[in-house]
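# Close look at the chain arrangement
Each chain, written out:
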Amino acid sequence: MKECYTLKLDEISILAEDLLAKFPAGVVILRGDLAAGKTTLVKEVAKKLGVEEDVTSPTFSLQQVYGDKLYHYDMYNHGLEHFLSLGMLEELEKEGLHFVEWGDDTLSDILHSAGIETMTIDIQKISQNAREYKICIH
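For the structure given in this document, a descriptive report is provided here.

Rules used in this analysis
- Residues numbered from 1 in each chain as written.
- Predicted model: local features only at pLDDT ≥ 70, side-chain atom pairs only at ≥ 80, totals over all residues.
- Heavy atoms only, no water.
- Helix = DSSP H or I, 4+ residues; strand = E, 2+ residues; numbered from the N terminus.
- Rg over C-alpha atoms; globule rule 2.2 N^0.38 Å.
- Buried < 20%, exposed > 50% of the residue type's maximum accessible area, 1.4 Å probe, protein only.
- Contact = heavy atoms within 4.5 Å.
- Areas by Shrake-Rupley, 256 points an atom, 1.4 Å probe, with all protein chains shown as cover.
- Core = buried A, V, L, I, M, F, W, Y, C linked by side-chain atoms within 4.5 Å.

### Quick look at the overall build of the protein
On a plain count of helices and strands, the protein comes out with 5 helices and 7 strands. Mapped from its N terminus to its C terminus, the protein presents α and β elements in the order β-α-β-α-β-β-α-α-β-α-β-β. For 138 residues, the compact-globule estimate of 2.2 N^0.38 gives 14 Å, and the protein sits close to it at 14 Å. Considering only C-alpha atoms, the protein reaches an extent of 40 × 30 × 30 Å along its principal axes. Counting across all 138 residues of the protein, residues that qualify as buried make up 46%. In the protein, 61% of the contacts between residues at least 6 apart in sequence involve partners at least 24 apart. Summed over its atoms, the accessible surface of the protein is roughly 7,100 Å², and 48% of this surface lies on carbon and sulfur atoms.

Structural data, given as structure tokens:
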């Protein structure tokens, strides 16, 4: 399944609602340049799930957990090899919704071969206030 959304930042709740309705569990790989809005999307999904904690990018901690079913990872500083060497693939098998910033096709292939449902969202900054979200469910 492939979908494309072009949204202003104040309309991101539309994407968060659709995402939760169509993909309530599994791994969401978020790709896009710095400041594209990857963490912004995770914040909106967390809000829709009733998470009251402050959602921040796990750039230096590698993983943040919100509640009991929302997980947020960032591979920017660590890379896939480090992620796998820490046994983080097992974390992705836990029940819930897992957002992985800076994941790549190799990670997607590994997850697919492990039978883990995966969604990829490519985010492109169109303007200061608008983004294009290309979504593919594997």
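### A word on the nonpolar core
One finds Val28, Leu97, Phe99, Met119, Ile121 and Tyr133 to be the most contacted residues of the largest nonpolar core, which totals 27 residues. The element contributing the most residues to this core is helix H1 (residues 12-22), with 5 residues. Core analysis: the next-biggest nonpolar cluster, separate from the first, contains 14 residues, Tyr71, Leu80, Phe83 and Leu111 among them.

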